[in-house]
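# Fold and geometry: a report
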Amino acid sequence: MTTRLTVAQALVRFLAAQYTERDGVRQRLISATWGIFGHGNVAGLGQALVEYADDMPYHQGRNEQSMVHAAVGYARQSNRLSTHAVTTSIGPGATNLVTGAALATINHLPVLLLPGDIFATRVADPVLQQLEVPYAGDISVNDCLRPVSKYFDRVTRPEALIPAALQAMRVLTDPVETGAVTLALPQDVQAEAYDWPDEFFAERTWTVRRPGADPTELAEAVQAIRSARRPLLVAGGGVHHSRAEEALAEFADATGIPVASTQAGKGSLRHDHPQDVGGVGHTGTATANELARQADLVIGVGTRYTDFTTASGTLFAGDGVRFLNLNIAPFDGHKLAGRPLVADARSGLQELTEALQMHAHRVPGGYVDEYTLDKERWEQRVDACYEADEPDIRPTQPQVLGALDALVDESDVIINAAGSLPGDLHKLWRARSRDQYHLEYGYSCMGYEIPAAIGVKMAAPDRNVWALVGDGTYLMMPTEIVTAVQEGIAIKLLLIQNHGYASIGGLSETVGGERFGTAYRYQSDDGTYTGAPLPVDLAANAASLGMRVLRAKTVRDLRAALEQARAADTPTCVYVETETADTVSGAPPAQAWWDVPVAETATRASAVKARELYERHVSTRRRHL
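Basis of the calculations
Residues numbered from 1 in each chain as written. Predicted model: local features only at pLDDT ≥ 70, side-chain atom pairs only at ≥ 80, totals over all residues. Heavy atoms only, no water. Helix = DSSP H or I, 4+ residues; strand = E, 2+ residues; numbered from the N terminus. Rg over C-alpha atoms; globule rule 2.2 N^0.38 Å. Buried < 20%, exposed > 50% of the residue type's maximum accessible area, 1.4 Å probe, protein only. Contact = heavy atoms within 4.5 Å. Salt bridge = Lys/Arg side-chain N within 4 Å of Asp/Glu carboxyl O. Pairing = 2+ DSSP bridges. Right-handed = clockwise from strand over helix to strand, strands pointing away. Axes fitted to C-alpha atoms, helices over the stretch in contact; angles between N-to-C directions. Parallel < 35°, antiparallel > 145°, perpendicular 65-115°, else oblique. Left-handed = near helix turned anticlockwise from the far one by under 90°. Nonpolar A, V, L, I, M, F, W, Y, C, P; charged D, E, K, R; others polar. Polar contact = N/O pair within 3.5 Å; in protein donor to acceptor, adjacent residues only side chain to side chain. Phe/Tyr/Trp six-rings, centres within 6.5 Å; stacked < 30°, edge-to-face > 60°. Lys NZ or Arg CZ within 6 Å of the ring centre and 35° of its normal. Patch = residues over 30% accessible without salt bridge, like charges linked within 9 Å, V, L, I, M, F, W, Y side chains within 5 Å. Areas by Shrake-Rupley, 256 points an atom, 1.4 Å probe, with all protein chains shown as cover. Lys, Arg positive; Asp, Glu negative; His and termini not counted. Charge placed at Lys NZ, Arg CZ, Asp CG, Glu CD.

Okay, the overall build of the protein chain next. Per the secondary structure count, the protein chain includes 24 helices and 23 strands. The C-alpha atoms of the protein chain give 25 Å as radius of gyration, which agrees with the globular expectation for 625 residues (25 Å, within 12%). Once the C-alpha set of the protein chain is aligned to its principal axes, its extents read approximately 70 × 70 × 55 Å. Looking at the protein chain residue by residue over its 625 residues, the buried ones come to 59%. For the protein chain, restricting intrachain contacts to residue pairs at least 6 apart in sequence, the fraction spanning at least 24 positions comes to 77%.

Applying the stated criterion to the full structure yields 35 salt bridges. Measuring nitrogen to oxygen at the nearest pair gives 2.9 Å for the salt bridge that ties Arg-430 to Glu-379. Highlighted residues: Arg-430 in the loop between α17 (421-428) and β19 (437-439) and Glu-379 in helix α15 (residues 365-386), separated in sequence by 51 residues. Here Arg-430 falls in the buried class, since its relative accessible area comes to 12%. By relative accessible area, Glu-379 is classed as partly exposed at 23%. Each of Arg-243, Glu-245, Arg-434, Asp-435 and Arg-463 takes part in one network of salt bridges that share partners.

Right, let's get into the pairing of strand β23 (residues 572-577). Most of β23 is tucked away: 5 of the 6 residues are buried. Inspection of the sheet shows strand β21 (residues 492-497) paired to β23 by 6 bridges, in the parallel sense. By the bridge assignment for β23, Gln-497 is matched with Glu-577. Assessed by its sense of winding, the connection that carries the chain from strand β22 (residues 548-552) through helix α23 (residues 555-567) to β23 is right-handed.

Here we come to the packing of helix α3 (residues 64-77) against helix α5 (residues 97-106). Where α3 contacts α5, the axes come no closer than 7 Å and their chain directions differ by 25°. Classified by the angle between their axes, α3 and α5 sit roughly parallel to one another. With respect to the hand of their crossing, α3 and α5 are arranged in right-handed fashion. Residues Glu-64, Gln-65, Val-68, His-69 and Val-72 of α3 form the contact with α5, whose participating residues are Leu-97, Thr-99, Gly-100, Ala-101, Leu-103 and Ala-104. Looking at the contact of α3 with α5 residue by residue, the classes come out as 6 nonpolar, 4 polar and 1 charged.

This next bit is on α5. Along α5, 7 of the 10 residues are buried, which leaves the element largely enclosed by surrounding structure. The inward-facing, buried residues of α5 contact α3, β6 (83-88), α4 (92-95), β7 (111-117) and β9 (180-186).

Attention now goes to the side chain of Ser-242. As for its placement among the helices and strands, Ser-242 is situated in the loop between α9 (237-241) and α10 (245-255). Polar side-chain contacts of Ser-242 include one of 3.1 Å to the backbone nitrogen of Arg-346. When neighbours within four sequence positions are excluded, Ser-242 is seen to be in contact with Arg-22, Arg-210, Asp-344, Ala-345 and Arg-346.

Across the sheet, 6 strands lie side by side as β19-β18-β20-β21-β23-β22; this open sheet has parallel pairing. This sheet does not close on itself; its edge strands, each paired only once, are β19 and β22. Each strand axis lies, on average, 20° off the axis of its neighbour in the sheet, ignoring direction. Here helix α16 (residues 397-405) sits on the sheet in contact with β18 (413-416), β20 (465-470), β21 and β23, set at roughly 160° to β21. Packing of α17 onto the sheet brings it into contact with β18, β19, β20 and β21, and relative to β19 it is tilted by some 150°.

Its location among the elements puts Phe-516 in the loop between α21 (502-510) and α22 (538-544). Under the relative-accessibility criterion, Phe-516 is labelled exposed at 59%. The contact partners of Phe-516, leaving out residues within four places of it in the chain, are Ser-508 and Thr-528.

Attention shifts here to the sheet that holds strand β2 (residues 18-22). On the basis of which strands lie adjacent, the open sheet formed by 3 strands has the order β3-β2-β11 and mixed pairing. Of all the strands in the sheet, the pair left with one neighbour each is β3 (25-28) and β11 (204-207). For this sheet, the mean angle separating the axes of adjacent strands, direction not counted, is 30°. Pairing between β2 and β3: 4 bridges, direction antiparallel. Its bridge partner lying in β3, Thr-20 is registered against Gln-27. Contacts from helix α1 (residues 7-16) reach β2, β3 and β11, with the element oriented near 25° to β2.

Taken as a whole and judged by the stated rule, the model has 12 aromatic pairs. Put simply, the rings of Phe-14, Tyr-194, Trp-196, Phe-200 and Phe-201 touch in pairs and so form one group of aromatic residues. The cationic tip of Arg-26 hangs over the ring face of Tyr-19; the distance from NZ or CZ to the ring centre is 3.8 Å.

Across the 6 residues that make up strand β4 (residues 30-35), a large majority, 6, are buried. Pairing of β4 with β6, which is carried by 5 bridges, proceeds in the parallel orientation. Bridge pairing in β6 places Thr-33 opposite Ala-85. Bridge count for β4 against strand β5 (residues 58-60) is 3 bridges, and the pairing is parallel. Looking at β5, one finds that Thr-33 is bridged to Tyr-58. In this region the chain leaves β4, passes through helix α2 (residues 42-51) and returns to the parallel neighbour β5; the handedness of that crossover is right-handed.

On to unusual backbone geometry. Note: most residues except glycine have negative phi, and most peptide bonds are trans. For the bond running from Asp-125 to Pro-126, omega is 5°, close enough to zero to count as cis. A positive phi angle, close to 55°, is found at His-108, a residue other than glycine. Among the secondary structure elements, His-108 is positioned in the loop between α5 and β7. Of note in the backbone geometry, Arg-122 takes a positive phi value of approximately 60° without being a glycine. Position of Arg-122 among the secondary structure elements: in the loop between β7 and β8 (151-154).

We now examine a negative patch on the surface. On the surface, Glu-387, Asp-389, Glu-390 and Glu-579 cluster together to form a negatively charged patch. As for its placement among the helices and strands, Glu-390 is situated in the loop between α15 and α16. For Glu-390, a relative accessible area of 51% gives the class exposed.

What follows is the structure, given as structure tokens:
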């Protein structure tokens, strides 16, 4: 039996029938579609979404990049088991997807991209917004999406949709390969009819697997742990993706091994778990980083070992230090010349715990006492950063976080991606639940926070969802405030004004750049931006987009405004100007290095001094072989 539909109609019907299942829980894979329509998709996918509105919910976005961010936020909150599709027209609508696609792929988060494309029949050539390539007739701007997609196909004939759609679902549900998936859809093919086999529209359930460890690798891993005197576990985002938090807690309880976390892995243990020692790496805690420097075995679980985690190859400095990498992806399992344990994070941790318990293995009590005392000392530093003795003055950025920390409970979700906030949050924030801490730091994309908050709130409508945004990030992409207002999505926006790119300004100062071009100020006579602050009213801007805005001038005001915002059932913004407009944040300085190359030759004293310091740090880098 067949059914005659357009390609776009067939795709929408197919997507509505796709499900995932893990641990006996089944849910829609593509639960909704975002779209901005133009000539490249309005008569194809646009018409199909109207035709099947009962089967496929639709959400209207304001910017194609931010629609991808919203889908990614939804996917992460849904543990990668459900996501959204995003459709755009051809031309700038399609190329606006590239940044969001890169973010999704780098963070291993599934999203389906459906950009319109130029005529497959070439009858209208060049069509409006078409990029003409003299040396190739089969290239369009959508080819920009190839390097940032985990799967890419251009559907140039109706029947080609069947294998392309099935391959797309395979990749979206693969815990190793998942990321952005792109099906480029020529606008004429979208509207073309075809007799589709009814089997194409049958419900399909894609099982998200949990592979266990190879027995030989497991035995070697157990021996490595038993032989270690000062082991440290580094929890990455894979712990969350696998829902392995409970298994990690059981492993830590049984062995006494301390657990540090990457940005993506923070919250894998609650902040008050005895074995949680906080963030690791350039933005980590002194406790975790000192343990890392002296570790003889680093157990990486679900981490990619980015340069922030390894302090650009300078952090894990112990003599003879080795790596044991539990990761579902063999590519990551072999990093740093580590011993791979290729398995799902939950399955692997459970197998390790069981095997180690057979030997009654536990680290020495003196080691536990050492990191417990260091953790207590760090918590005192956090308290000092959060404390505001004078509630009637303008807060520092850590005091802003302290006010929020005092208000929220484990049901709140905080979202951030860029600026000086990630460093402060990684060092200071006390994560109360497995999914409270939502930092996008794989791509650290300015503009992610507000649309991602919308996606998270869609996935968890009963949670309080906070987008923490600096002024630089806000100006990148505030437009989805309109979407939140339109759909009544009660996100909370904490908007922090510090008059520029504070994070990069601080970095610029340390590398001899003298904060050049990082402040939001009028231009001075010498061409630098060192004049008076700009008279920009971001709170008024947010209000003009339909958001309720609460202005806070002091710590006392801030506490009251945050409490009001948390109780609000409409999109609400808390706007605060921080005290330290010309410094990064006032939080403890970096506890580990990060490699940003400094000019090898310069005449300015700041650059010369920065180069001397840079060379001292570079000399401590090591390759783990």
